[in-house]
Amino acid sequence: MLQVQILRPATTLRPLTTAHLAQTMSLLELTAVELNQKIETELSQNPALELREERRCPTCHRPLIGSQPCPRCSTPKSLSMEEPIIFVSPRQDFYVSRRSSAEEFSGENLTPAKEELPTFVLRQIAPDLDPDDRRLAAHLLTNLDEDGLLDTTPLEVARYHHVSLGKVEKILNIIQRADPVGVGSSSPREALLVQLELLAENFPVPPLADEAIKSGLELLSRHQYTELGRLLGISSRKVREIARFISDNLNPYPGRAYWGDIRQGTAESPRVYNNPDVIISLLQGNANAPLVVEIVSPFLGLLQVNPLFRQALGQAPADKVEQWKSDLERADLLVKCIQQRANTMVRLMRRITKLQREFILHGDCYLRPYTRAKLAEELDVHESTISRAVSSKAAQLPNGHIIPLSKFFDRSLHIRSVIKEIIDNEKKPLSDNEIVSLLNEQGFHVARRTVAKYRSMEGILPSHLRQVKESPKPA
DNA sequence: CTATGGCACGGATT
DNA sequence: AATCCGTGCCATAG
């Protein structure tokens, strides 16, 4: 197997000391980006550490480990659909803005009070703005509500800063096109339109989708497809396509799906959201091929203890010998622990991707219920090991979506998607109680109250506010 | 009277 | 030990 060649045999990786154990655990909690930062500071402080010369794959430009061929581009020998191709990539090219957000606007006392979203957005757009404009942007961003929508009006902001409305709107436009797209819109409708516009630059979008949002959002949210079709002058089938496209690709509340609140960052280490720790793709884009799982582990295989430093230890000046010794120990430990971390991630992801292949390929409905405890038992590690590895990490799926790893352990997702399906296919609005009995028939045992909760989680209106669907079309 | 949402409790999960 | 989640009870709206 690939990772056996890449990593040292597991036996040499067993934690030998409590220090080893402690550091392994703390490294496991870090995301790839954080690990990258940690290693960089360590590199600059510890003379015993050095970087091996980097070799990159000529085809995909990934950094390679040792003399191994690129695990992604060289076709593996055995192609079993079941068995995912897993490899560790030492890449360290993240989309991180190094600019400290605190420095950016501390002078103005405009530090965003709300946790992450405002700073995150500001950091993206700051390079494009003049200092003056940054103050406006900061002001706008501090007035976001928890859904990522604007809580004030551009006009108000313009008055407050004595600038033209046009100027504020121009900046707002820049904000809206930052990640998460649509943030800073004044309504869900506007957010959707911005997202659609941006999407249209790279993807084909259904015709009239923008019209549907502009004039038919209310109808859309109540699933009144026939009505909407009449309004737009197209068949309800087309409307369904549009509705499907919108719910798959757009998000009326930019701040909500934004799972930033899951990973609370601190002032010293602002979290970065758009860098996945695991990238799952399809071999040659073929849905019947094995999954390719790339685990991002910065500097893995490139970081080593400087052998010259080790030799020089014998001739260390007497006053430095203690210092050097500890540097050497720290370096040794770090290198080992990073390998241990990668090893754990590989085992973890192999199990998850094998088990949840259907979910990865086809979406929420196919998520199998699974708990961290069960996984821990199978891998023969402590539960907390899994918890640490999973929390605050992100995976990118073949469809491009970036999800928190914890989604693989969402107990209710499966039932939620079944409920969504039932409501999507209902002939007349079903009450929560009726949905319960339908679910019971399919073998799901949930209480009426729970259905109600899931329904509202999915943003589906109660039955008396939903509309009668058109009868199914004969083909 | 029925359907739904708020509050809160207990058990499972982390 | 802390947190999350499903559920029951009750008030309220339709």
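What you see is a predicted model, and the numbers here were worked out from it, not measured in a lab.

About the cut-offs
- All residue numbers refer to position in the chain's written sequence, counted from 1.
- Think of it this way: whatever chain is written first is A, whatever ligand is written first is 1, and the rest follow in order.
- Per-residue local features of the predicted model are confined to residues with pLDDT of at least 70, and side-chain atom pairs are confined, for both listing and counting, to 80 or more; whole-chain, interface and lining totals are unaffected and use all residues.
- Neither water nor hydrogens contribute to the side-chain values; these are computed over all heavy atoms in the structure.
- We call Phe, Tyr and Trp rings a pair once their centres come within 6.5 Å, taking the six-membered ring for Trp, and we label the pair stacked below 30 degrees between planes, edge-to-face above 60, and tilted otherwise.
- Each helix is a run of H or I in the DSSP string that is no shorter than four residues. Each strand is a run of E no shorter than two, and both are numbered from the N terminus.
- Relative accessibility thresholds used throughout: buried, under 20% of the residue-type maximum; exposed, over 50%; partly exposed, between the two (1.4 Å probe, protein chains only).
- Points on a 1 Å grid, built from protein atoms alone, make a cavity when a 1.4 Å probe fits but cannot get out and make a pocket when they are open with protein on both sides within 12 Å along at least 5 of 7 lines; residues with an atom within 4 Å of a point are the lining residues.
- Grid points are joined across faces, edges and corners, and a volume is the space filled by probe spheres set on the points.
- Each residue gets one label: Ala, Val, Leu, Ile, Met, Phe, Trp, Tyr, Cys and Pro are nonpolar, Asp, Glu, Lys and Arg are charged, and the others, such as Gly, are polar.
- Note: pLDDT gives the predictor's confidence per residue, expressed from 0 to 100.
- Any two residues whose heavy atoms approach within 4.5 Å are treated as being in contact.
- Note on terminology: near, applied to a residue and a molecule or strand, indicates that one of the residue's heavy atoms is within 4 Å of it.
- Here a polar contact means two N or O atoms within 3.5 Å. Within protein one must be a hydrogen donor candidate and the other an acceptor candidate, and residues neighboring in sequence count only if both atoms are side-chain atoms.
- Strand pairing requires that DSSP identify at least two bridges connecting the strands.
- By this rule the span expected of a helix is its residue count minus one, scaled by 1.5 Å.
- Angles shown run from 0 to 180 degrees and are taken between the N-to-C directions of axes, each axis being a line fitted to C-alpha atoms and, for helices, limited to the stretch in contact.
- Under this scheme an angle from 65 to 115 degrees is roughly perpendicular, one under 35 degrees roughly parallel, and one over 145 degrees roughly antiparallel; angles in between are oblique.
- Crossings are sorted by hand: turned counterclockwise from the far helix by less than a right angle, the near helix makes the crossing left-handed, and turned clockwise it makes it right-handed.

**What about the packing of aromatic side chains?**
Then, in step 1: Under the counting rule described, the total for this entry stands at three aromatic pairs.
Then, in step 2: With centroids separated by 6.1 Å and ring planes inclined at 20°, the aromatic side chains of Tyr-370 and Phe-409 adopt a geometry described as stacked. Placement of the pair is Tyr-370 in the loop between helix 16 (357-362) and helix 17 (372-379) and Phe-409 in the loop between strand 9 (402-404) and helix 19 (413-425), with a sequence separation of 39 residues.
Then, in step 3: Judged by relative accessible area, Tyr-370 falls into the buried class, the value being 6%.

**Some remarks on empty space enclosed by the protein**
Then, in step 1: A full pass over the atoms with the stated rule returns two cavities of 30 Å³ or more.
Then, in step 2: Estimated volume of the second largest cavity: approximately 40 Å³.
Then, in step 3: Top contributing element to the lining of the second largest cavity by residue count: helix 15 (residues 321-355), with three residues.
Then, in step 4: Of the residues contributing to the lining of the second largest cavity, the split by class is five nonpolar, two polar and no charged.

**Remarks on the confidence of the model for chain A**
Then, in step 1: Per-residue confidence for chain A gives a mean pLDDT of 78, with 79% of residues at or over 70.
Then, in step 2: Ranking the elements of chain A by mean pLDDT puts helix 4 (residues 101-105) last with 35 and helix 8 (residues 165-176) first with 92.
Then, in step 3: Across residues 257-273, confidence stays below pLDDT 50; counting only partners more than four residues off in sequence or on other chains, it has 34 contacts.
Then, in step 4: Counting contacts from residues 471-475, a segment whose pLDDT is below 50, to residues more than four positions away or on other chains yields three contacts.

**Thoughts on the protein's contact with DNA strand B**
Then, in step 1: Taken together, 16 residues sit near DNA strand B, with Asp-432, Arg-448, Arg-449, Arg-455 and Ser-463 positioned nearest.
Then, in step 2: Within 4 Å of the protein, the atoms of DNA strand B are drawn from sugar and phosphate moieties in a proportion of 58%.
Then, in step 3: Ser-387 has a polar side-chain atom sitting 3.2 Å from a sugar or linking oxygen of DNA strand B.
Then, in step 4: The contact in question runs from a phosphate oxygen of DNA strand B to an N or O atom on the backbone of Asp-432, over 2.9 Å.
Then, in step 5: Those elements that place two or more of their residues in the surface near DNA strand B are helix 17, helix 18 (383-390), helix 20 (432-441) and helix 21 (448-457).
Then, in step 6: Partitioning the surface near DNA strand B into residue classes produces two nonpolar, six polar and eight charged.

**Concerning the pairing of strand 6 (residues 291-296)**
Then, in step 1: Taking burial as the measure, the six residues of strand 6 include six buried ones, the bulk of the element.
Then, in step 2: Neither face of strand 6 is exposed, since Leu-291, Val-293 and Ile-295 on one face and Val-292, Glu-294 and Val-296 on the opposite face are all buried.
Then, in step 3: Across five bridges, strand 4 (residues 85-89) lies against strand 6 in parallel orientation. From the neighbouring strand, Ser-89 faces strand 6, where its bridge partner is Val-296.
Then, in step 4: Summarising the sheet, strand 5 (residues 278-282) and strand 6 pair through five bridges and their orientation is antiparallel. Across the sheet, Ile-279 pairs through a bridge with Glu-294, a residue of strand 6.

**Observations regarding the side chain of Arg-416**
Then, in step 1: Examined against the element boundaries, Arg-416 turns out to sit in helix 19.
Then, in step 2: Relative accessible area serves as the criterion here: at 10%, Arg-416 is assigned to the buried category.
Then, in step 3: For Arg-416, the residues in contact, after removing those within four places along its chain, are Asp-410, Tyr-454, Met-457 and Glu-458.

**Description of the pairing of strand 4**
Then, in step 1: Within strand 4, five of the five residues are buried, leaving the element largely enclosed by the surrounding structure.
Then, in step 2: Every second residue of strand 4 is oriented toward a common face, with Ile-85, Phe-87 and Ser-89 on one face and Ile-86 and Val-88 on the other, all of them buried.

**Considerations on the protein's contact with DNA strand C**
Then, in step 1: All residues adjacent to DNA strand C are Arg-411, Ser-412, His-445, Val-446, Ala-447, Arg-449, Thr-450, Lys-453 and Tyr-454.
Then, in step 2: Restricting attention to atoms of DNA strand C within 4 Å of the protein, one finds that 75% of them are sugar or phosphate atoms.
Then, in step 3: Ala-447 is positioned such that a nitrogen or oxygen atom in its backbone is 3.1 Å from a phosphate oxygen of DNA strand C.
Then, in step 4: Lys-453 is positioned with one of its side-chain polar atoms (N or O) 3.0 Å from a base oxygen of DNA strand C.
Then, in step 5: Of the residues contributing to the surface near DNA strand C, the split by class is three nonpolar, three polar and three charged.

**Considerations on the environment of Cys-365**
Then, in step 1: As for its placement among the helices and strands, Cys-365 is situated in the loop between helix 16 and helix 17.
Then, in step 2: By relative accessible area, which is 30% here, Cys-365 ends up partly exposed.
Then, in step 3: Once the C-alpha coordinates of Cys-365 and Arg-416 are considered, the two residues, 51 residues apart in sequence, prove to be 8.3 Å apart.
Then, in step 4: Setting aside residues up to four positions removed in sequence, Cys-365 forms contacts with His-414, Ser-417 and Glu-421.

**Looking at helix 6 (residues 131-142)**
For an α-helix, the turn length of 3.6 residues means that residues three or four places apart are oriented alike.
Then, in step 1: For helix 6, built from twelve residues, the straight-helix expectation of 16 Å at 1.5 Å per residue is met to within 8% by its first-to-last C-alpha distance of 17 Å.
Then, in step 2: Burial in helix 6 covers these residues: Asp-133, Leu-136, Ala-137, Ala-138, His-139, Leu-140 and Leu-141.

**Side note on the packing of helix 2 (residues 18-29) against helix 15**
Then, in step 1: One can describe the packing of helix 2 onto helix 15 by two numbers: an axis separation of 9 Å at closest approach and a directional angle of 55°. With respect to their mutual orientation, helix 2 and helix 15 come out oblique. The handedness of the crossing between helix 2 and helix 15 comes out as right-handed. Contacts from Ala-19, His-20, Gln-23, Thr-24, Leu-27 and Leu-28 of helix 2 reach helix 15 at Leu-333, Leu-334, Lys-336, Cys-337, Ile-338, Gln-340, Arg-341 and Thr-344.
Then, in step 2: Considering only residue class, the contact of helix 2 with helix 15 consists of seven nonpolar, five polar and two charged.

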